[in-house]
Amino acid sequence: MVSLGANGNIKTYGMKHFICDVTADISDIETTDLAVGSTVFVIATSAHYMLNSSKQWIKVNLNSGGGGSDTPGIE
């Protein structure tokens, strides 16, 4: 399934971003009216979760990577 997350600087209705203390807190979030792509950040583990089209929280890596390269001459 494909969902629109934003159109320019306007976010999709129903998309929310949550912060939880621990992973167990995620089960307290009601997902009925949340849009696909809503996210949760868990403070205790620094983990990110994203809501899929089946209304399940899936652990994802939102880090951009950064850092160096193993290829000489490319940074």
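It should be noted that the structure appears before, not after, this text.
Just so it is clear, the structure is predicted and the values come from calculations on it, not from any experiment.

### As for the sheet that holds strand 4 (residues 39-42)
The strand order 3-4-5-6 describes an open sheet built from 4 strands, whose pairing is mixed. The outermost strands of the open sheet, each flanked by one partner alone, are strand 3 (17-20) and strand 6 (57-60). Across this sheet, the average inter-strand angle for adjacent strands is 30°, counted without regard to direction. Pairing analysis gives 4 bridges linking strand 5 (residues 47-51) to strand 6, with the strands arranged antiparallel. The partner of His48 across the bridge, within strand 6, is Val60.

### What about the environment of Gln56?
Of note, Gln56 is situated in the loop between strand 5 and strand 6. Remark: the alpha-carbon pair of Gln56 and Val36, spanning 20 residues in sequence, is separated by 9.4 Å.

Calculation criteria
Residues numbered from 1 in each chain as written. Predicted model: local features only at pLDDT ≥ 70, side-chain atom pairs only at ≥ 80, totals over all residues. Heavy atoms only, no water. Pairing = 2+ DSSP bridges. Helix = DSSP H or I, 4+ residues; strand = E, 2+ residues; numbered from the N terminus. Axes fitted to C-alpha atoms, helices over the stretch in contact; angles between N-to-C directions.

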